[in-house]
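Summary of structural features
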Amino acid sequence: MPFSEPLKKRLNTIISKSETKRSALIPVLREIQNEYGSLSSESMEEAAKMLEISPSSVQNVATFYTMFFTEPAGKHIVWVCRTLSCALRGAEHVEHYMCDKLGIKTGETTPDGKITLMEAECLASCGTAPVILVDDTLEENLTKERVDKVIEELSKD
Ligand code: FES
């Protein structure tokens, strides 16, 4: 699956701004994932060609970081912070509540393909714990009501 011309152009811009081709790997993978929702083996091979590195180097990075999905993920990714401040303020309950509402376990995607639920390390908003990251938006001081609202909004999309 060759990349579209607009995607290639964006990737070349990222690469040209990086000190070395290899150092563009993570932003390149992020851009590809933003386009397709996940990183297929074909897209990782294509990225390897553009970066002039081995496909296994790309795969190692893609499988090391939890922010990358090598299997199809949901349209929206919800990250539940499970680090100390959030843990002390009920992150476990938030996560269980979300799993129950969505009918999935952490790491899974809803059958309609809309939401993937993941655990995250500290999301850098400890003072407003418990927090979740919904795509690029932080939801703070979570309550069950707020979780209901977030899920409702994502399910409508
Ligand atoms: S511990 Fe959750 S944001 Fe820092």
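The text that follows walks through the structure, step by step, so that each part is easy to find. (Residues numbered from 1 in each chain as written. Predicted model: local features only at pLDDT ≥ 70, side-chain atom pairs only at ≥ 80, totals over all residues. Heavy atoms only, no water.)

**Section: the nonpolar core**
The tendency in soluble globular proteins is for nonpolar side chains to be buried side by side. Judged by nonpolar contacts, the single largest core of 21 residues is most densely connected at L11, V28 and L29. Where this core is concerned, the elements lending two or more residues are α1 (5–17), α2 (25–36), α3 (41–51) and α4 (55–64). Here this core takes 5 residues from α3, the largest share from any one element. Excluding residues within four positions of it along the chain, V28 makes contact with L11, I14, I15, A47 and L51. Among the nonpolar cores identified, the runner-up in size contains 16 residues, and L102, L117, L142 and I151 belong to it. (Core = buried A, V, L, I, M, F, W, Y, C linked by side-chain atoms within 4.5 Å. Buried < 20%, exposed > 50% of the residue type's maximum accessible area, 1.4 Å probe, protein only. Helix = DSSP H or I, 4+ residues; strand = E, 2+ residues; numbered from the N terminus. Contact = heavy atoms within 4.5 Å.)

**Concerning helix α6 (residues 91–102)**
If you check α6, its first and last C-alpha atoms are 16 Å apart, about what 12 residues at 1.5 Å a residue would give, namely 16 Å. Those residues of α6 that sit buried are A91, V94, E95, M98, C99 and L102. Buried residues of α6, viewed axially, fall in a sector of 130 degrees; they line one side. Exposed side chains of α6 directed beyond 90 degrees from the buried face belong to H93 and D100. Buried residues along α6 sit in contact with β1 (76–81), α5 (84–88), β2 (115–120), β3 (132–134) and α7 (144–156). (Expected span 1.5 Å × (residues − 1). Arc of directions from axis to C-beta.)

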